[in-house]
2 protein chains.
Amino acid sequence: MTEVQSGTPRRRRGEHRPTVADVAHKAGVSAMTVSRVVNGDTHVREATRIRVLAAVAELGYVPNQAARSLAGGKQFRIALLHSNPSAAYLSEFMVGALREASASGAQLLVEHCAENPDPAAIAVQLADHRIDACLLPPPLCDDARLIAAMLEQGMPIAQVATGQPHPQASSVAIDDEAAAHAMTARLIAKGHRRIGFISGNPNQTASALRRAGFARALAEAGIAADPRLIANGDFTYRSGLAAARKLLGCKPRPTAIFASNDDMAAASVAVAHQQGLDVPRDISICGFDDTAMATTIWPELTTIRQPITEMARIAVKALVKRSKPGAPAPRPMQLKFTLVGRESDGAVPPK
Amino acid sequence: MTEVQSGTPRRRRGEHRPTVADVAHKAGVSAMTVSRVVNGDTHVREATRIRVLAAVAELGYVPNQAARSLAGGKQFRIALLHSNPSAAYLSEFMVGALREASASGAQLLVEHCAENPDPAAIAVQLADHRIDACLLPPPLCDDARLIAAMLEQGMPIAQVATGQPHPQASSVAIDDEAAAHAMTARLIAKGHRRIGFISGNPNQTASALRRAGFARALAEAGIAADPRLIANGDFTYRSGLAAARKLLGCKPRPTAIFASNDDMAAASVAVAHQQGLDVPRDISICGFDDTAMATTIWPELTTIRQPITEMARIAVKALVKRSKPGAPAPRPMQLKFTLVGRESDGAVPPK
DNA sequence: CTGAAAGCGCTTACAG
DNA sequence: CTGAAAGCGCTTACAG
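So, here's what we can say about the structure. Only a predicted model underlies this, so the values are computations on that prediction, with no experimental measurement involved. (Residues numbered from 1 in each chain as written. Chains lettered and ligands numbered in written order. Predicted model: local features only at pLDDT ≥ 70, side-chain atom pairs only at ≥ 80, totals over all residues. Heavy atoms only, no water.)

## Brief notes about the overall build of chain A
- Looking only at helices and strands, chain A features 13 helices and twelve strands.
- On the principal axes, the C-alpha backbone points of chain A span a range of 80 × 50 × 40 Å.
- When the 351 residues of chain A are sorted by exposure, 55% land in the buried category.
- Of the roughly 15000 Å² of accessible surface on chain A, a fraction of 54% belongs to carbon and sulfur atoms. (Helix = DSSP H or I, 4+ residues; strand = E, 2+ residues; numbered from the N terminus. Buried < 20%, exposed > 50% of the residue type's maximum accessible area, 1.4 Å probe, protein only. Areas by Shrake-Rupley, 256 points an atom, 1.4 Å probe, with all protein chains shown as cover.)

Have a look at this one:
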């Protein structure tokens, strides 16, 4: 047995793990009181709380989740419904969702579904799996038919990263408009005037918001909008390739491209390279999302980072909270984004 | 309430869910017998089993996992330890791990750790979180020091995708050597003789296996190994960029490049494009892993697919099984890979 | 602010 | 092959 340093007592696996009873005994209180302290109940005398906490630490007590949810009669099952698995996004999302689920004793089920799911089929699937609430990352967060059907059935849902929160759903998002505005303003501050924009999938509500932020920054800087500098994409790399080709074909050429996500920005970098352009010396290129793609390619992309893990965590928390009596009505929540400046953008090139 | 079609009875959330007692009553047996049937115990008369199963179906009974693990006294906690989060890999991995964990009533904890973790620190972390077993995806699956330390402590572990299974660990992998051999043979069959190879991170045991498979295929075809056609990479896109430049600088130029993973293959495509080469007309490029990168870029990559989700599922299953009395000794398991032919490779170009 | 009792839904010995 | 009883570790009313 390797000797390790820690304040927590070591014990071989298989040995008896401390229970509330052990803690109660050591602290000289009842099991109930231990439970109260552990669950953050406020109606406990401070001295008692301290004694219990000390016993918990000394014994290395960790609550048994199974007993907890059995006694609580909860056994809350949350489905993470996803289609179109942007694997990188999903992975960050799952880490956050799982963390909160395990902290609050809920069970997380990951269910894949069609890109354009049949609401009735989903309803069956959820009922068969005894799902109590649903987590909807993009693009499902924007599927109005699906959401209406679930809500009508009384299924609590949380939309993550939608631009259009449903009043009866919990939702967590960033301010996509403000983020796009910030990125565009950064480019303008670096001297760019001819900035190409690649829009995202029109079916996702965030797409319009990003475009609106771009347009507002331009307007605020007194730069006339040039429709030829807007290219339609759909968030795929392939659509980014076509859009970038269109943009780079304009005369005079734009000095910067702001793509609505990283995949399309990466495609723009590829097209620029094919045309013998150096990034960022000859042209600046920025993305959105800060997915793995942003740091995989070279140069690494300046982009907008959403706190995906945290957003998922909060969404799960909201769902769990709503399952308890006296829960407040669902409401939209907004988290801060970060503009991550890396190597793909720079000053406007001299004439 | 939307009307849905299904054999399972619908009920509003919050309503009483059927328990073993309900099933037992309906089937005219004891709760014990229901438990036996549900858990696949063989010592049950066939007629009884059928009756119980019918009751289960009719009531839409689903066992309560919390009660199950509480009664079973298990409450098995498995840590998925990961560093260097190749997000795409991790996401597929988590889906599989989570699926099996929830099916077998184990709890899955996702713990991030340093790229080159201090075994003692990890031991503390695991003990603090009351971890019963550990899941090690790459590159941690190849960290000999970490593995030795955990094993010494008596921690059951499962290595996924290692080229060098530890005799005391469970392990699940594909045959990396055979996969690389298959890919190389495919290229040879298409007429290629000058095939460049980009190796992976030398710290991962799979790297050497992939290279060995490449070499064997060459030897079997009677093609002399040319050391100038081997470039060292480390699995990053950036290293792929440098390796591809080196390879494409050879005279005569290789007609194909086989990179040890998709990121490096994607980098090779980028370099080829920069040099005005068409893929696959002028040069064939293949990857390994079938990550999101493979289908994101254009042309889509011909690559090797590992059943990552299934590998993770099996690894969890092995760990859970080993936690039960009378479990067999851990052993290495091997799953089938698939060669996925897409658009990045073709016939050797005419002279 | 604190506690004694009951019970959550299952499985594990122990019988027969 | 089948069942009655006890108990897993917690929390929830209900008291005081």
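## So, the sheet that holds strand E9 (residues 284–286) of chain A
Residues and elements named next belong to chain A.
- Spatial ordering of the open sheet is given by E7-E6-E8-E9, a layout of four strands whose pairing is parallel. Edge positions in the open sheet fall to strand E7 (230–232) and E9, since each of these has one partner strand only. Averaged over all pairs of adjacent strands, the angle between strand axes in this sheet comes to 15°, irrespective of strand direction.
- As defined by bridge partners, strand E6 (residues 195–199) adjoins E7 across three bridges and the pair is classed as parallel. Bridging across to E7, serine 199 finds its partner in asparagine 232.
- Packing against the sheet, helix H8 (residues 176–189) makes contact with E6, strand E8 (256–259) and E9, and its axis sits at approximately 170° to E8. (Pairing = 2+ DSSP bridges. Axes fitted to C-alpha atoms, helices over the stretch in contact; angles between N-to-C directions. Contact = heavy atoms within 4.5 Å.)

## Concerning the protein's contact with DNA strand D
- Near DNA strand D you find 23 residues, and of these A:Val20, A:Ser35, A:Tyr61, B:Thr33 and B:Thr48 are the closest.
- A share of 62% is what sugar and phosphate atoms reach among the atoms of DNA strand D within 4 Å of the protein.
- At 2.6 Å from a phosphate oxygen of DNA strand D is found a side-chain nitrogen or oxygen belonging to A:Tyr61.
- Elements supplying a minimum of two residues to the surface near DNA strand D: helix H2 (31–38) and helix H4 (65–72) of chain A together with helix H2 (31–38) and helix H4 (65–72) of chain B.
- Sort the elements by how many residues they give to the surface near DNA strand D and H4(A) lands first, with four residues.
- Taken together, the residues that form the surface near DNA strand D break down as eleven nonpolar, nine polar and three charged. (Near = heavy atom within 4 Å. Polar contact = N/O pair within 3.5 Å; in protein donor to acceptor, adjacent residues only side chain to side chain. Nonpolar A, V, L, I, M, F, W, Y, C, P; charged D, E, K, R; others polar.)

## Structural notes on the relation of the copies chain B and chain A
- For the match of chain B to chain A, the screw axis carries a shift of 0.1 Å, the RMSD comes to 0.2 Å, and the turn is 180°. A rotation of that kind, with that shift, is consistent with a two-fold axis.
- The share of interface residues of chain B whose copies in chain A are also at the interface is 98%, consistent with both copies meeting through the same surface. (Least-squares fit on C-alpha atoms with pLDDT ≥ 70 in both.)

## Regarding the protein's contact with DNA strand C
- Taken together, 23 residues sit near DNA strand C, with A:Thr33, A:Thr48, B:Val20, B:Ser35 and B:Tyr61 positioned nearest.
- Counting only atoms of DNA strand C within 4 Å of the protein, the sugar-phosphate share comes to 62%.
- A:Ser30 is positioned such that a nitrogen or oxygen atom in its backbone is 3.0 Å from a phosphate oxygen of DNA strand C.
- A:Thr33 is positioned with one of its side-chain polar atoms (N or O) 2.6 Å from a phosphate oxygen of DNA strand C.
- Those elements giving two or more residues to the surface near DNA strand C turn out to be H2 and H4 of chain A together with H2 and H4 of chain B.
- No other element matches the four residues that H4(B) contributes to the surface near DNA strand C.
- When grouped by side-chain class, the residues that make up the surface near DNA strand C number eleven nonpolar, nine polar and three charged.

## Comments concerning the state of the cysteines
All names here are of chain B.
- Counted by the stated rule, this structure contains zero disulfides over all chains.
- Cysteine 141 takes part in no disulfide bond, and the closest cysteine sulfur, belonging to cysteine 113, lies 12 Å away.
- Accessibility expressed as a relative area gives 1% for cysteine 141, which makes it buried.
- Between cysteine 286, a cysteine without a disulfide, and cysteine 250, which holds the nearest cysteine sulfur, the sulfur-to-sulfur distance is 18 Å. (Disulfide = S-S within 2.5 Å.)

## A look at the sheet that holds strand E2 (residues 107–112) of chain B
All names here are of chain B.
- Spatially, six strands are ordered E2-E1-E3-E4-E5-E11 in an open sheet, and the strand pairing comes out parallel. Sheet topology places E2 and strand E11 (332–335) at the edges, where each strand pairs with a single neighbour. Direction aside, neighbouring strands of the sheet carry axes that sit 20° apart on average.
- In terms of strand pairing, strand E1 (residues 77–82) meets E2 through six bridges, oriented parallel. Among the inter-strand pairings, leucine 81 is bridged to a residue of E2, identified as glutamate 111.
- Contacts from helix H6 (residues 119–128) reach E1, E2 and strand E3 (133–136), with the element oriented near 145° to E1.

## Details of the side chain of A:Arg210
Residues and elements named next belong to chain A.
- Inspection of the secondary structure puts arginine 210 in helix H9 (residues 205–220).
- You can call arginine 210 buried: its relative accessible area is 5%.
- Here the side chain of arginine 210 touches aspartate 176 through a polar contact of 2.9 Å, side chain to side chain.
- Among the polar contacts made by the side chain of arginine 210, one reaches the main-chain carbonyl oxygen of serine 260 at a distance of 2.8 Å.

## Here we look at the environment of A:Arg193
Residue and element names in this part refer to chain A.
- Positionally, arginine 193 belongs in the loop between H8 and E6.
- Relative accessible area serves as the criterion here: at 47%, arginine 193 is assigned to the partly exposed category.
- Placed 30 residues apart in sequence, arginine 193 and isoleucine 223 show a C-alpha to C-alpha distance of 6.9 Å.
- Those residues in contact with arginine 193, other than ones at most four positions away along the chain, are Ile188, Ala221, Ile223 and Thr255.

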